[in-house]
Protein chains: 2
Amino acid sequence: MAPPSNPRSRPSQPAIPAGRASQPAIAGARRVVSDKREAILDAALALFVERGFWGTAVPEIADRAGVGAGTIYRYFDSKEALVNAIYRGQKMRFSAGVLDDFPASANTREQFRTIWMRMARFASANVPAFIFLELHHHASYLDAESRAVEQRMLDIITAVVTAAQARRELKAGDPRLLMGLVLGAFIGVIRSCLDVGQTPADADWAFAEQCIWEAIRS
Amino acid sequence: MAPPSNPRSRPSQPAIPAGRASQPAIAGARRVVSDKREAILDAALALFVERGFWGTAVPEIADRAGVGAGTIYRYFDSKEALVNAIYRGQKMRFSAGVLDDFPASANTREQFRTIWMRMARFASANVPAFIFLELHHHASYLDAESRAVEQRMLDIITAVVTAAQARRELKAGDPRLLMGLVLGAFIGVIRSCLDVGQTPADADWAFAEQCIWEAIRS
DNA sequence: AGTGTTGGAATGAATATTCATTCCGAGACG
DNA sequence: CGTCTCGGAATGAATATTCATTCCAACACT
């Protein structure tokens, strides 16, 4: 009995009042709704960082967000959809923060400093978000689109690196290796600070940037 | 004639028959017991790497290890005790592989190469174990002793780094930052290869070693 | 040696708990 | 007063852990 088919119509979207972009000031109701969605995302992000995806219970997320457990399912189809929404949103924020207005014509030294410092700015201002992205890198419950978001950023940076190598301003070798080395070092810097309960200071970021530049320059 | 000085009197430990090694032919029994413990550790390590701690069900571990679910509780008090046993065991293996017979009197360049290449050797020969250690770094279910094992290794390397800085052969700065940077880069190299389904070749390790040396040398 | 006894390792179905998801009555809003 | 959002108890599946039972190798005693 009870065929697994969902008798209820699929309300596809969480049925947010679908606010026309025509209500500029009076956002009372919509604001509340929107705030709930944000509260759920924020609470889930924090808990996923603390205990991991499988270690976090949905009702816990609801409690921390100050909403009922059922409310979460008004905004997200499932726990997996929730974690994917967080991943995509943060990854795109990160990607935009690093790549928007990228100085494509600057020299390699400048380009590297730009990328590094923008990553540092994002990571310092959004420590939990950055750790979340780190922690869920390649997790089994990420869907194809979430992976695509990641891949898009990777492709862009790969092109930048390859171009710099062609100009002989970076060491020759597999671009993926160089990028993995840089990103790994970046994460290592954060972790070494977080392990002591601090977030890296600007001076730390600048110091590490110089170190890693010397690692990859030709 | 087989001094059976082993009456029934071992209530606390899993009570491996522990018979005097005087019955070469009958080693069967003890072998079986010991193998079960190993089988459980191996199966759990693999599954924890694949699905994470919370994502892995204890009966799954039992199936993979080829034992009954209850048997796991003859060897480990709980799922957490099991993950801690794996962590401690692998961390100590890693620590020994890197630090045993450390060339304390070699110059800094040699010392760095030694540490890096020994880490590479361990990581390449024990990919799942290394990923396990990475994945469970600072996990909430690790107990105090597991953390202590980690700390012990860290303290030793910190001393080496500090000494090298005093000789002005490494860049000045917080040793933790330098170490985090190096370890992070190391992990980044592994990940960049694993993402493509390969393990780093010797040439990759050597290349990365040279890069990172240039990052930290004074 | 042959036979009976026994301690305790091994098992896996049973239990109690926890979890993701659903459901529906109660309000808020217009 | 109809419509729509919330909350949180209800539900059923899944999970960690237990425990009554089976099984076997090593004595004990002939």
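Refer to the structure presented above.
Anyway, here's the lowdown on the structure attached to this text. (Residues numbered from 1 in each chain as written. Chains lettered and ligands numbered in written order. Predicted model: local features only at pLDDT ≥ 70, side-chain atom pairs only at ≥ 80, totals over all residues. Heavy atoms only, no water.)

### Things to note about the relation of the copies chain B and chain A
This is how it is decided: Overlaid copies result from least-squares superposition on C-alpha atoms, with residues included only where pLDDT is at least 70 in both. It only takes one pair of heavy atoms within 4.5 Å for two residues to be counted as in contact.
Of the transformation superimposing chain B on chain A, the axial component is 0.0 Å and the angular component is 179 degrees, with the fit at an RMSD of 0.2 Å. Both copies are brought into coincidence by an operation consistent with a two-fold rotation axis. Both copies present the same face, since 100% of the interface residues in chain B are matched by interface residues at the equivalent positions in chain A.

### Brief notes about the interface of chain B and chain A
The cut-off we apply is this: The term buried area denotes the loss of accessible surface (1.4 Å probe radius) that occurs when two parts are joined, taken as the sum for both partners. The salt bridge criterion pairs a side-chain nitrogen of Lys or Arg with a carboxyl oxygen of Asp or Glu, the two atoms within 4 Å. In protein, a polar contact means a hydrogen-donor-capable atom and an acceptor-capable atom, both N or O and within 3.5 Å, with residues adjacent in sequence counting only if both atoms are side-chain atoms; elsewhere, any N or O pair within 3.5 Å suffices. Secondary structure elements follow DSSP: runs of H or I of four or more residues count as helices, runs of E of two or more count as strands, with numbering from the N terminus.
Taken together, the contact between chain B and chain A spans 30 residues of the former and 30 residues of the latter. With both chains or domains summed, chain B and chain A bury close to 2,600 Å², and 67% of this area falls on carbon and sulfur atoms. Of all residues in chain B, Leu 177, Leu 181 and Phe 207 of chain B bury the most surface against chain A, accounting for 22% of the area lost on that side. Where chain B packs against chain A, one counts 4 salt bridges. Along the contact surface separating chain B from chain A lie 6 residue pairs in polar contact (both at pLDDT 80 or more). At the level of elements, α8 (175–194) and α9 (202–216) of chain B are the ones that each hand at least two residues to the side of chain B that touches chain A.

### Some thoughts on the packing of aromatic side chains
Condition: Aromatic pairing here means that ring centres of Phe, Tyr or Trp (its six-membered ring) are within 6.5 Å. Orientation follows from the plane angle: under 30 degrees is stacked, over 60 is edge-to-face, and everything else is tilted. Buried, partly exposed and exposed residues are distinguished by accessible area as a fraction of the type maximum, computed with a 1.4 Å probe on protein chains only: under 20%, between the cut-offs, and over 50%, respectively. In this analysis the charged atom, NZ for Lys or CZ for Arg, is taken to sit over a ring once it is within 6 Å of the ring centre and within 35 degrees of the ring normal.
Applying the stated criterion across every chain, the model contains 26 aromatic pairs over all chains. With a centroid separation of 5.9 Å and an interplanar angle of 70 degrees, the aromatic rings of Phe 94 of chain A and Phe 130 of chain A are classed as edge-to-face. On the criterion of sequence distance, the pair formed by Phe 94 of chain A in helix α4 (residues 79–99) and Phe 130 of chain A in helix α6 (residues 127–135) is long-range, its members being 36 residues apart. Take Phe 94 of chain A and Phe 130 of chain A: they sit in the same class, and that class is buried. Taken together, a centroid distance of 5.9 Å and an interplanar angle of 45 degrees make the contact between Phe 112 of chain B and Trp 116 of chain B tilted. Here Phe 112 of chain B and its partner Trp 116 of chain B are both found in helix α5 (residues 108–125), 4 residues apart, which amounts to about one turn of the helix. Comparing Phe 112 of chain B with Trp 116 of chain B shows no difference in burial state: the two are buried. Sitting above the plane of the Phe 53 of chain A ring, Lys 79 of chain A keeps its charged end 4.6 Å from the centroid.

### Here's the deal with the packing of helix α9 (residues 202–216) of chain A against α8 of chain B
Short version of the rule: Think of each axis as a best-fit line through the C-alpha atoms, taken over the contacting stretch in the case of a helix, with angles from 0 to 180 degrees between the N-to-C directions. Convention used here: angles under 35 degrees read as roughly parallel, angles over 145 as roughly antiparallel, angles from 65 to 115 as roughly perpendicular, and any remaining angle as oblique. Two helices that cross are described as forming a left-handed crossing if the nearer one is turned anticlockwise from the farther one by less than a right angle, and a right-handed crossing if clockwise. Gly is put with the polar residues, along with every residue not named as nonpolar or charged; the nonpolar set is Ala, Val, Leu, Ile, Met, Phe, Trp, Tyr, Cys and Pro, and the charged set is Asp, Glu, Lys and Arg.
Look at α9 of chain A against α8 of chain B: their axes get within 11 Å of each other, and the N-to-C directions meet at 45 degrees. One finds that α9 of chain A runs oblique with respect to α8 of chain B. Taken as a pair, α9 of chain A and α8 of chain B cross one another with a handedness that is right-handed. Taken together, the residues of α8 of chain B that come into contact with α9 of chain A (itself represented by Asp 204, Phe 207, Ala 208, Cys 211 and Ile 212 of chain A) are Leu 177, Leu 178 and Leu 181 of chain B. Grouping the amino acids of the contact of α9 of chain A with α8 of chain B by side-chain chemistry returns 7 nonpolar, no polar and 1 charged.

### Regarding the nonpolar core
Our working rule: Put simply, buried Ala, Val, Leu, Ile, Met, Phe, Trp, Tyr and Cys residues joined by side-chain atoms within 4.5 Å make one nonpolar core.
In terms of nonpolar packing, the biggest core is built from 123 residues, with Ile 40, Ile 61 and Phe 186 of chain A together with Ile 40, Ile 61 and Phe 186 of chain B touching the most fellow members. Apart from residues no more than four positions distant in its own chain, Ile 61 of chain A is found in contact with Ile 40, Ala 43, Ala 44, Leu 47, Phe 48, Thr 56, Ile 72 and Leu 82 of chain A.

### A word on the packing of helix α6 (residues 127–135) of chain B against α8 of chain B
All names here are of chain B. Contact geometry of α6 with α8 gives a least axis separation of 12 Å together with a crossing angle of 125 degrees. If you check the angle between α6 and α8, you find them oblique. α8 is crossed by α6, and the crossing has left-handed handedness. For the pair α6 and α8, contact is made by Val 127, Phe 130, Ile 131 and Glu 134 and by Phe 186, Ile 187, Ile 190 and Leu 194, respectively. Partitioned by chemical class, the residues of the contact of α6 with α8 number 7 nonpolar, no polar and 1 charged.

### Concerning the side chain of Glu 209 of chain B
All names here are of chain B. Its location among the elements puts Glu 209 in helix α9. Relative accessible area serves as the criterion here: at 2%, Glu 209 is assigned to the buried category. Residue contacts for Glu 209: discarding those within four places in its chain leaves Arg 109, Phe 112, Arg 113, Trp 116 and Met 117.

### A look at α5 of chain B
Residue and element names in this part refer to chain B. Selection criterion: The span you would expect from a helix comes to 1.5 Å times its residue count less one.
Look at α5: 26 Å from first C-alpha to last across 18 residues, which is about the 26 Å you get at 1.5 Å a residue. Along α5, the positions that sit buried rather than exposed are Thr 108, Arg 109, Gln 111, Phe 112, Thr 114, Ile 115, Trp 116, Arg 118, Met 119, Ala 120, Phe 122 and Ala 123. Taken together, the buried residues of α5 touch α4 (79–99), α6, α7 (144–166), α8 and α9. Two or three places before Arg 109, at the start of α5, stands the capping residue Asn 107, its side-chain oxygen 3.1 Å from that residue's backbone nitrogen.

By themselves, these observations are geometric and do not establish any function.
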